[in-house]
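Coordinate analysis (summary)
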Amino acid sequence: MFSQNVYWYDVLLEVDSKDNSTVTNLVDDFYSNHNKSNEVTVEFSSIPLKGASENATHIISISSKSSKSLADFRNSLKGPAWDLYISKMNNYVKKARSAAGKDLYSIGSYNDQPIGQAWVFKVENYNLNTFVTAFTKLVNSIKFGGSVGVGQIIHGTDNGETVYIYGTYSDLNSAFSFGPKNDGEAKAFSEFSKAIKGSEYSKTFTRVLINRY
C-alpha cells in the first residue's frame with residue numbers, strides 16, 4: 001500500500017510583516033547559490049492561512065525521493081556562506097523550528113502546484129496502517145485537481161501530531177472550492193471519517209509558493 005516515498009525537511013519561520021521582503025531576499029540569495037543535487041527540491045513559501053495556534057509565517061521545504069540525498073543536502077548547510085546567512089537571518093526571524101518526515105502514499109507531483117494545504121492529525125502508531133488504507137480508498141474515489149498524499153511526521157512532532165494529509169492546488173480558486181462535488185464524493189468523505197475514528201484532527205494551514213530552487 002505504501003508507495004513513492006518522498007522525504008522532507010521543513011524549517012518554519014516566524015517573521016514580522018515589515019521584514020518579509022528582507023527575509024525573502026536573504027533566503028533567495030543563499031539557496032539560489034548553494035549547490036544541490038537534481039534529486040533535491042527547495043521551496044520557500046508564505047503561510048497566509050492558518051489557525052491561531054500556528055505562529056509560523058514562512059516555511060522552507062526541502063524534499064527528495066532519496067533519504068540519502070536529503071541528508072547529504074542538510075549536511076552541506078555549513079561553512080562561511082551558511083554562517084553569514086544565519087547571522088543575517090537571526091536579525092529578522094523571531095522564532096524557528098524544524099520538522100522532518102516522509103510521504104507514505106501520494107498521487108501526483110507536489111512540485112507542479114504553487115499552493116499547498118496540510119491537514120495534521122494525532123494518530124496512534126497501531127492505527128497508522130488503517131489511516132493510510134482509508135486515505136488511499138478516499139483519493140481513489142474522488143477527483144482531486146492537484147497532487148495529494150499522506151505521510152508521517154517523524155522528527156520535530158508538536159503536541160503529539162504524527163500524521164498529515166497534504167494536497168496542492170493550481171490557484172486559490174481551486175483551494176477555496178475544495179470538497180465533495182457530488183453525492184458519491186460526499187459518501188467517500190463520510191466513509192473516510194468513519195474509518196479514522198479515534199484519530200484526532202489537530203489543525204490545517206495553507207502555504208503559497210514564493211520561490212522554488
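Here's a quick rundown of the structure.

Rules behind the numbers
- Residues numbered from 1 in each chain as written.
- Predicted model: local features only at pLDDT ≥ 70, side-chain atom pairs only at ≥ 80, totals over all residues.
- Heavy atoms only, no water.
- Axes fitted to C-alpha atoms, helices over the stretch in contact; angles between N-to-C directions.
- Helix = DSSP H or I, 4+ residues; strand = E, 2+ residues; numbered from the N terminus.
- Parallel < 35°, antiparallel > 145°, perpendicular 65-115°, else oblique.
- Contact = heavy atoms within 4.5 Å.
- Nonpolar A, V, L, I, M, F, W, Y, C, P; charged D, E, K, R; others polar.
- Salt bridge = Lys/Arg side-chain N within 4 Å of Asp/Glu carboxyl O.
- Buried < 20%, exposed > 50% of the residue type's maximum accessible area, 1.4 Å probe, protein only.

Moving on: the packing of helix H1 (residues 20–33) against helix H3 (residues 80–89). Packing of H1 against H3 leaves a shortest axis separation of 10 Å and a crossing angle of 175 degrees. Here H3 runs roughly antiparallel to H1, going by the angle between their axes. Between H1, through Val23, Leu26, Val27, Phe30 and Tyr31, and H3, the contact on the second element is made entirely by Ala81, Trp82, Tyr85, Lys88 and Met89. By residue class, the composition of the contact of H1 with H3 is nine nonpolar, no polar and one charged.

Turning to the pattern of salt bridges, a few remarks are in order. One pass over the structure, following the stated rule, counts 11 salt bridges. The salt bridge involving Lys68 is made with Asp72; its shortest N-O contact spans 2.8 Å. Taken as a pair, Lys68 and Asp72 lie in helix H2 (residues 67–75) at a separation of four residues, close to a single helical turn. With a relative accessible area of 57%, Lys68 lands in the exposed category. In this structure Asp72 comes out as partly exposed when scored by relative accessible area, which is 39%. The partner of Lys203 in a salt bridge is Glu161, with the nearest N and O atoms 4.0 Å apart. With Lys203 in strand S8 (residues 200–212) and Glu161 in the loop between strand S6 (148–155) and strand S7 (163–169), this pair connects stretches of sequence that are 42 residues apart. With relative accessibility at 6%, the residue Glu161 sits in the buried group. A network of salt bridges, in which partner residues are shared, links Glu54, Arg97, Glu161 and Lys203.

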